[in-house]
Amino acid sequence: QVQLVESGGGLVQPGGSLRLSCATSGSIFSRYTMGWYRQAPGKQRELVAAITGGDSTNYLDAVKGRFTISRDNAKNTVYLQMNSLKPEDTAVYYCSAKRFGFRDYWGQGTQVTVSS
């Protein structure tokens, strides 16, 4: 059974940094586009960043220049490095694995709170 296991969330002050990790099973990692979504209270879930198997990336405009998504194929893990965090980045962050024509997979979510 495929599982996505996230870690790295927490409380950080504005301007601080966090790194989220998402470990996956090897059976899907290389063939799926991995992504990070977030959902703030009362808002819709939105795509923050995604990375394909060929390492192409895309980002939400609001995080460009501050967040970096990367993948370690040897560890079947995708990361989201978040710098210069702002209070509006506060949300539950979800890891996803998607491939056209196949079902999506989601992690359980990890809370990120940016507050002084």
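As the structure is a computational prediction, the values presented were derived from the model and not from experiment.

J.: Could you clarify how one ought to interpret the overall build of the protein chain in this entry?
T.: Scanning the protein chain for helices and strands turns up one helix and eleven strands. N-terminal to C-terminal, the α/β element order of the protein chain is β-β-β-α-β-β-β-β-β-β-β-β. The C-alpha radius of gyration of the protein chain comes to 13 Å, within 12% of the 13 Å expected for a compact globule of 116 residues. Reported as C-alpha extents along the three principal axes, the dimensions of the protein chain are approximately 40 × 25 × 25 Å. Classification of the 116 residues of the protein chain by burial places 41% in the buried group. Pairs at least 24 residues apart make up 53% of the contacts formed inside the protein chain by residues separated by at least 6 positions. Of the accessible surface of the protein chain, which amounts to about 6,200 Å², a share of 47% is contributed by carbon and sulfur atoms. Each charge sign in the protein chain was given a centre, from 13 positive and 8 negative side chains, and these centres are 4 Å apart.

J.: Would you take a moment to explain the state of the cysteines for this structure?
T.: A disulfide bridge is the covalent bond that connects two cysteines by way of their sulfur atoms. Applying the stated rule across the entire model yields one disulfide. The disulfide partner of Cys22 is Cys95, and the S-S distance across this bridge is 2.1 Å. Because the torsion about its S-S bond is -80 degrees, the bridge between Cys22 and Cys95 counts as left-handed. With a gap of 73 residues between them, Cys22 in strand E3 (residues 18–24) and Cys95 in strand E9 (residues 91–98) connect regions that are remote in the sequence. The exposure classification of Cys22 matches that of Cys95, with both residues buried.

J.: I'm lost on the pattern of salt bridges in this one. Help?
T.: Scanning the model with the defined rule gives five salt bridges in all. Note that Asp89 and Arg38 form a salt bridge whose closest N and O atoms lie 3.0 Å from each other. Of the two residues, Asp89 is situated in the loop between strand E8 (77–82) and E9 and Arg38 in strand E4 (residues 33–39); the sequence distance between them amounts to 51 residues. With a relative accessible area of 6%, Arg38 lands in the buried category. Residue Asp89 is joined to Arg66 by a salt bridge in which the shortest nitrogen-to-oxygen separation is 2.8 Å. Of the two residues, Asp89 is situated in the loop between E8 and E9 and Arg66 in the loop between strand E6 (57–59) and strand E7 (67–72); the sequence distance between them amounts to 23 residues. Judged by its relative accessible area of 11%, Arg66 falls in the buried class. Look at the salt bridges and you will find they share partners, linking Arg38, Glu46, Arg66 and Asp89 into a network.

What counts and how
- Residues numbered from 1 in each chain as written.
- Predicted model: local features only at pLDDT ≥ 70, side-chain atom pairs only at ≥ 80, totals over all residues.
- Heavy atoms only, no water.
- Helix = DSSP H or I, 4+ residues; strand = E, 2+ residues; numbered from the N terminus.
- Rg over C-alpha atoms; globule rule 2.2 N^0.38 Å.
- Buried < 20%, exposed > 50% of the residue type's maximum accessible area, 1.4 Å probe, protein only.
- Contact = heavy atoms within 4.5 Å.
- Areas by Shrake-Rupley, 256 points an atom, 1.4 Å probe, with all protein chains shown as cover.
- Lys, Arg positive; Asp, Glu negative; His and termini not counted.
- Charge placed at Lys NZ, Arg CZ, Asp CG, Glu CD.
- Disulfide = S-S within 2.5 Å.
- Salt bridge = Lys/Arg side-chain N within 4 Å of Asp/Glu carboxyl O.

By themselves these figures say nothing about function.
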